[in-house]
Amino acid sequence: MNRFDSSDDFDDALALANSAARPRPAASRPASRGTPTAAGTPGTAGTPGTAGTPGTAGTPGGERRTSAAASGDGPTAVSWAAARSRARRAARAGGALTLPLHRALGHSLAEPLVARTDLPAFDTSAMDGWAVAGPGPWRLVGGPVDEGSGAPGVLAGDRGVTASPLADGYAVAIATGARVPAGATAVLRTEHATVDGDRLARTGPRGAGSSHVPADHRTDIRPRGQECRTGDLLLPAGARVTPVALGLAAAAGHDELNVTRRPRVEVLVLGAELIQDGVPATGLVRDALGPMLDPWLTALGAEVLAVRHLGDDAAALATAVDASRADVLLTTGGTAGGPMDHVRPLLARLGARLLVDSVAVRPGHPMLLARLPSAPRTDRAPAEPAPADAPDAAAPGLHATDLDAPDLHATGLDAPGFDGPRTEKPHPGPPADNTAPRPATPRTATPRPDAPDHDVPADHDLPPVRHLVGLPGNPLAAVAALLTLVEPLLHALGDHEPETEPPTARLATRIEGHPTDTRLVPVTEREGPGGVRPLRHHGPAMLRGVAAADAMAVIPPGAASSAGSTVVLLRLPGR
Ligand SMILES: Nc1nc2c(c(=O)[nH]1)N[C@H]1C(S)=C(S)[C@@H](COP(=O)(O)OP(=O)(O)OC[C@H]3O[C@@H](n4cnc5c(N)ncnc54)[C@H](O)[C@@H]3O)O[C@H]1N2
Ligand code: MOO
């Protein structure tokens, strides 16, 4: 039977065949197919600690040359694990700031979250019913009780009634959440008692005998400090501020949180064929990455400054990169070696350092990570190389070449209000057929409207270290680059705790390996027992498979991963 039963399988087959045909130095192949040990931690395919100087400086451990590189004119791929590790180590978190709770979502905690109160702060009734003292039956106190409605004597929030201690043999009606009066020994649920005049007696639920009614000491009382005591550590520094964390912080008495500044990201969407609305006519393609990246980056804890559409205009790209105040620039498309692939030539002109220059992963292998010179000038000399993995090379303000760099303000590109290229002409609309001329390049910018929420509002501040991640244009390849380079980089910049144990799953069916590269394959656990299964429509240009996926499975290079074997999963936002 033909193994390739769909067009995306065919794409894969083609990719496998093409790469198999490429000459690769045998010694550079991964020695084994070990499972990567952790997100951002290298598996067997590369050792970042020994990876040496990236970029043009050689082919150290964890790298292999592609066929083009072997001939001296192409990039040098690093293993997938080494690429993730480099991205994680390329940057350090920015400063901390204090934000009101409603603005802290998505940040990481710059300091541990510590309880400012006991929780609960007082002995609390866990049920609606009666606070009772000693064994029953009891005499009701605390004002007249409406037998019919069971109106409580002590409501949540009441402070007065509870001042007087409850003597043995007495009971007072109480609401869930109310402070239990001193002297009370238990709370009796409404449904476990009957009232006769001012007398309260225990009964069993649904007619059961009273012996079945739990009325032991402290029953249905949440004691003060049950959850935490003042000063207890609730969440460590580095924990993500999730909606639940906000709730916990509020419960524990916080009005604001000390958090790490979110990395600012700007997206530059490249490609003259892209349109931003409607159904594309022949030859045109609807931009799938702008709408996907903005929320994905936000989910990764970034602040998205703008998504700009630059067409295939090299000058517009250079200007946008020069002018950007983002910590991280993302480009989409233009990473391969085609005539309109402007990203690498621009980086070379800028003197940027390629920390990762293509990755041994399918899809997505042309992806790249570069550190930009701090002074955004296209005419400056190339920066001094420095080890990518040296921690101080990544520390804001500590990079020697950054400190020596000429000031941005000399370039004239930082004029107040400059926000990059904008649409110069209205889009003429799609041509009627594929013989019609190409439309003028649509060049638009969509700055985010939430400027007041920016962590650092000053427009004139250029981050001391800026990175650029080049995402391949094929949409699933761009997803692979997000998971491989963008996620670790943003987590480092945002100071998010690294995941120590990545999730794993068993494969319900066998998945072919790529001879030399890691594969990232959309999988689901919802299509049958026995573990996760690969989804169809997983070709590099397709989002259909990954949109239905629970995760991307990491398939190590080499022989197929058999059914029953364990694979690492990469989470997808919203799943
Ligand atoms: N001679 C070679 N050609 C290519 C190679 C190679 O090794 N040698 N690699 C292929 C691989 S793999 C990929 S991935 C792509 C990467 O290409 P680019 O990053 O330069 O991207 P483009 O050429 O601009 O676009 C590729 C493809 O993706 C579509 N695209 C681009 N942007 C978007 C978007 N925002 N939304 C939807 N679709 C988008 C674009 O129309 C193209 O179809 O290079 C291969 N070529
Ligand atoms: O196939 Mo390319 O690997 O990135 O789409």
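A brief report on the enclosed structure follows. Here the structure is a predicted model, which means the values were calculated and not measured. (Residues numbered from 1 in each chain as written. Chains lettered and ligands numbered in written order. Predicted model: local features only at pLDDT ≥ 70, side-chain atom pairs only at ≥ 80, totals over all residues. Heavy atoms only, no water.)

### A look at the site of ligand 2
Note the threshold: In these notes, residues near a molecule or strand are those with any non-hydrogen atom within 4 Å of it. A 3.5 Å cut-off defines polar contacts: any pair of N or O atoms within that distance qualifies, except that in protein one atom must be a possible hydrogen donor and the other a possible acceptor, and neighbouring residues in sequence count only when both atoms are side-chain atoms. We call Asp, Glu, Lys and Arg charged. Ala, Val, Leu, Ile, Met, Phe, Trp, Tyr, Cys and Pro are nonpolar, and the rest, Gly among them, are polar.
Close contacts around ligand 2 come from Pro363, Gly364, His365, Pro366, Asn474, Ala477 and Pro540, and that covers them all. In the environment of ligand 2, an oxygen atom lies 2.4 Å from a nitrogen or oxygen atom belonging to the backbone of Gly364. Each residue belonging to the shell around ligand 2 can be placed in one class, and the counts come to 4 nonpolar, 3 polar and no charged.

### Observations regarding the pairing of strand E3 (residues 96-100)
Quick reminder of the rule: For every residue, the accessible area obtained with a 1.4 Å probe (protein chains only) is divided by the maximum for its type, and the residue is called buried under 20%, exposed over 50%, and partly exposed between those limits. A run of H or I in DSSP counts as a helix once it spans at least four residues, and a run of E counts as a strand once it spans at least two, with each numbered from the N terminus. Each pair of strands is called paired provided DSSP finds at least two bridges between the two strands.
Burial of E3 is one-sided: the residues Leu97 and Leu99 facing one way are buried, the residues Ala96, Thr98 and Pro100 facing the other way are not. Pairing of E3 with strand E14 (residues 256-260), which is carried by 5 bridges, proceeds in the antiparallel orientation. The partner of Leu97 across the bridge, within E14, is Val259.

### Brief notes about the side chain of Asp357
Topologically, Asp357 is positioned in strand E20 (residues 353-357). For Asp357, a relative accessible area of 12% corresponds to the buried category. In this structure the side chain of Asp357 is engaged in a polar contact, spanning 2.9 Å, whose partner is the side chain of Arg344.

### Let's talk about the site of ligand 1
Heads up, the condition is: Per-residue and other accessible areas were derived by the Shrake-Rupley procedure at a 1.4 Å probe size, with only the shown protein chains allowed to occlude residues.
Neighbouring residues of ligand 1: 20 residues in total, closest Glu273, Asp287, Ala288, Thr335 and Ala336. For ligand 1, an oxygen atom lies 3.1 Å from a polar atom in the backbone of Gly334. Here an oxygen atom of ligand 1 sits 2.5 Å away from a polar atom, N or O, in the side chain of Thr335. Burial of ligand 1 by the protein chains amounts to 66% of its free accessible area of 870 Å². For the shell around ligand 1, the elements supplying multiple residues, two or more each, are strand E17 (285-286) and helix H10 (475-493). Considering only residue class, the shell around ligand 1 consists of 10 nonpolar, 6 polar and 4 charged.

### Let's talk about the side chain of Asp287
For the record, the criterion: Working convention for charge: Lys and Arg count positive, Asp and Glu count negative, and His plus the chain ends are omitted. Each reported salt bridge corresponds to a side-chain nitrogen of Lys or Arg within 4 Å of a carboxyl oxygen of Asp or Glu. Contact definition: two residues touch when any of their heavy atoms are within 4.5 Å.
By the secondary structure assignment, Asp287 is in the loop between E17 and helix H5 (289-299). This buried residue, Asp287, is left without a salt bridge; Arg286 holds the nearest opposite charge, at 7.0 Å. From its side chain, Asp287 meets the backbone nitrogen of Leu289 in a polar contact 2.8 Å long. Discounting residues that sit within four places of it in the chain, Asp287 has contacts with Val269, Leu274, Ile275 and His309.

### Some words on the packing of helix H3 (residues 80-89) against H10
A pair of packed helices is characterised by two quantities: the angle between their axes and the separation of those axes. Put simply, the rule reads: Working convention: axes come from line fits to C-alpha atoms, limited for helices to the stretch in contact. Angles between N-to-C directions cover 0 to 180 degrees. Angles are sorted into four bins: roughly parallel if under 35 degrees, roughly antiparallel if over 145, roughly perpendicular if 65 to 115, and oblique for all others. Two helices crossing with the near one rotated counterclockwise from the far one by less than a right angle form a left-handed crossing, whereas a clockwise rotation gives a right-handed crossing.
Contact geometry for H3 and H10: axes closest at 7 Å, N-to-C directions at 25°. On the basis of the axis angle, H3 is roughly parallel to H10. The handedness of the crossing between H3 and H10 is right-handed. For the pair H3 and H10, the contacting residues are Trp80, Ala83, Arg84, Ala87 and Arg88 in the first and Leu483, Thr484, Leu485, Glu487, Pro488, Leu489, His491 and Ala492 in the second.

### Observations regarding the environment of Asp196
Within the secondary structure layout, Asp196 lies in strand E10 (residues 193-196). By relative accessible area, which is 60% here, Asp196 ends up exposed. With 56 residues separating them along the chain, Asp196 and Leu140 place their C-alpha atoms 9.8 Å apart.

### Focus: helix H4 (residues 243-251)
What counts, and what does not: Comment: arc refers to directions from the helix axis out to C-beta atoms.
Those residues of H4 that sit buried are Ala245, Leu246, Leu248 and Ala249. Within H4, the buried residues cover an arc of 165° as seen down the axis, which keeps them to one side. Opposite the buried face of H4, by more than 90 degrees, sit the exposed residues Pro243 and Val244. Packed against the buried residues of H4 are strand E4 (113-114), strand E13 (233-235) and E14. Just past H4, the residue Gly253 takes up positive phi, approximately 100°.

### Points about H3
Among the 10 residues of H3, 8 are classified as buried, and the element is accordingly described as predominantly covered. Listing the buried residues of H3 in full gives Trp80, Ala81, Ala82, Ala83, Arg84, Ser85, Arg86 and Ala87.

### Section: the pattern of salt bridges
A side chain with one charge can pair with a side chain of the opposite charge if their charged atoms come near. In total, this model carries 12 salt bridges according to the counting rule given. The salt bridge involving Arg218 is made with Asp123; its shortest N-O contact spans 2.8 Å. Of this pair, Arg218 sits in the loop between strand E11 (199-202) and strand E12 (221-222) while Asp123 sits in the loop between E4 and strand E5 (124-125), and the two are 95 residues apart along the sequence. One salt bridge connects Arg189 with Asp220, and the closest N-O pair in it is separated by 2.7 Å. One end of the pair, Arg189, is in strand E9 (residues 186-189); the other, Asp220, is in the loop between E11 and E12, with 31 residues separating them in the sequence.

### Some remarks on the sheet that holds E9
Strand-to-strand pairing in sheets goes through backbone hydrogen bonds, with the strands running parallel or antiparallel. On the basis of which strands lie adjacent, the open sheet formed by 6 strands has the order E9-E6-E8-E7-E11-E10 and mixed pairing. The open sheet terminates on both sides in strands that have one partner only, identified here as E9 and E10. In this sheet, adjacent strand axes meet at a mean angle of 35° when their direction is disregarded. Of the strand pairs in this sheet, strand E7 (residues 138-141) and E11 are connected by 2 bridges, and their pairing is antiparallel. Bridge pairing in E11 places Arg139 opposite Arg199.

### Thoughts on the environment of Asp313
Position of Asp313 among the secondary structure elements: in the loop between strand E18 (303-311) and helix H6 (314-323). Taking the relative accessible area as the measure of exposure, Asp313 reaches 24% and is therefore partly exposed. A distance of 3.0 Å separates a polar side-chain atom of Asp313 from the backbone nitrogen of Ala316.

### Examining the packing of H6 against helix H7 (residues 343-350)
Taken N-terminus to C-terminus, the directions of H6 and H7 make an angle of 50°; their axes are 10 Å apart at the nearest point. Here H7 runs oblique to H6, going by the angle between their axes. The two elements H6 and H7 meet at a crossing, and its hand is right-handed. Contacts from Leu317, Ala318, Val321 and Asp322 of H6 reach H7 at Val343, Leu346, Arg349 and Leu350. Taken together, the residues of the contact of H6 with H7 break down into 6 nonpolar, no polar and 2 charged.

### Notes on unusual backbone geometry
Among all residues except glycine, the phi angle is most often negative; among peptide bonds, the trans geometry is most common. Look at the link from Gly136 to Pro137: it is a cis peptide, with omega at -10°. By secondary structure assignment, the location of Pro137 is in the loop between strand E6 (129-132) and E7. In this structure, the amide linkage connecting Arg362 to the following residue, Pro363, adopts the cis form with an omega of -10°. Among the structural elements, Pro363 can be located in the loop between strand E21 (359-362) and strand E22 (368-372). For Asp220, which is not a glycine, the phi torsion comes out positive at approximately 60°. Judged by its relative accessible area of 16%, Asp220 is buried. The phi angle at His537 is positive, at roughly 60°, despite the residue not being glycine.

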